[in-house]
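For reference, the chains in residue letters:
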Amino acid sequence: MIKTLPAVSALAAAAVIGTATTSLAAPAKKRPQHPTVVLVHGAFADGSSWNLVTERLQILGHRVVVPANPLRGLAADSAYLGSVLETIEEPVVLVGHSYGGEVITNAAAAGPQVKALVYVAAIVPEKGESADDVLGAFPGSLLPGALDQASYPLADGERGTDLYVRPELFREVFAADVPEREAAVLAATQRPIDASALAARSENAAWHDLPSWYLVANDDRVIPPAAQRHMAERANARVTEVDSSHAIPVAHPAAVTAVIEAAARSVTGR
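Quick look at the structure, then. The shown structure was predicted, so the numbers you read here are calculated from the model rather than taken from an experiment.

1. Focus: the sheet that holds strand S1 (residues 36–40)
The strand order across the open sheet built from 6 strands is S2-S1-S3-S4-S8-S9, with neighbouring strands paired in parallel fashion. Edge positions in the open sheet fall to strand S2 (64–65) and strand S9 (238–242), since each of these has one partner strand only. Across 4 bridges, strand S4 (residues 114–120) lies against strand S8 (residues 212–217) in parallel orientation. Bridge pairing links valine 118 to tryptophan 213 in S8.

2. Examining empty space enclosed by the protein
Taken as a whole and judged by the stated rule, the model has 3 cavities of 30 Å³ or more. As for the largest cavity, its lining consists of 14 residues, of which Phe44, Ala45, Ser49, Phe174 and Leu186 are closest to the centre. Every element with two or more residues in the lining of the largest cavity is listed here: helix H7 (167–174), helix H8 (180–189) and helix H11 (248–251). The volume enclosed by the second largest cavity comes to roughly 100 Å³. Around the second largest cavity sit 13 residues that line it, and Ser98, Tyr99, Leu143, Leu198 and Val222 are the ones nearest its centre. Per-class residue counts for the lining of the second largest cavity are 11 nonpolar, 2 polar and no charged.

3. A closer look at the sheet that holds strand S6 (residues 159–165)
Spatially, 3 strands are ordered S5-S6-S7 in an open sheet, and the strand pairing comes out antiparallel. The sheet is open, and its two borders are formed by strand S5 (147–153) and strand S7 (193–194), each paired with just one other strand. Relative to S6, S5 runs antiparallel, the two sharing 7 bridges. Each bridged residue has a counterpart across the sheet, and for proline 153 the counterpart in S6 is arginine 159.

The rules behind the values
- Residues numbered from 1 in each chain as written.
- Predicted model: local features only at pLDDT ≥ 70, side-chain atom pairs only at ≥ 80, totals over all residues.
- Heavy atoms only, no water.
- Pairing = 2+ DSSP bridges.
- Helix = DSSP H or I, 4+ residues; strand = E, 2+ residues; numbered from the N terminus.
- 1 Å grid on protein atoms, 1.4 Å probe; cavity = no way out; pocket = protein on both sides within 12 Å on 5 of 7 lines; lining within 4 Å.
- Points joined across faces, edges and corners; volume = space filled by probe spheres on them.
- Nonpolar A, V, L, I, M, F, W, Y, C, P; charged D, E, K, R; others polar.

Shape is all these values report; function is a separate question.
Spelled out as structure tokens, the structure:
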């Protein structure tokens, strides 16, 4: 005996069949994937300086990579970052804070997957230019008078010179708007940079070929704001300004995340 389907069931079946037919005929468009965001810290910091930004980006759906910048010299640091980029197949938004800006400017030149550059209170060198050149051309940095140095052994038996910010001056120079206890931790965990890195001249200037964003720290005592604006304008970067110390990723993570997300949207066309 053949049973007749109730009217509601028949309608439901028709709806299912109709949906299936529609799906086969016109598959839904895939949403563009989020680019991977690579965050590069600068001198006198480590990857943990990006923690608050990383958390926000992950909530937004991004894969985030935070390599440990060796801080041993511009050529070596750029080559190391280049090796990290080689492991990433999808499009990359490459972000640099402070000296990390020099590193991304050089590494991106050999990274075809890099689609956008974001500079956060960063050095953005022209080819042949060094960090010392930038700081020397724009007075106002408190960094030179706050540095101390220590000798360390090199693999070839020679000795190198590490620079670090004297802990008692760290908050004033580097992180004036960060709570005192937190700034004390940043001072204690800072990673020194080889003195040669700040004098090394950039071999590339990837911002000539890639769209760039720049977040200016208006209260920066490491890289004078005038220098930041000059470099951002030269790179034809989209500029945002924040009343912040040099430690923007720690003090203003939401502002940093917003600029990175704007760069990411430009890559996916969202």
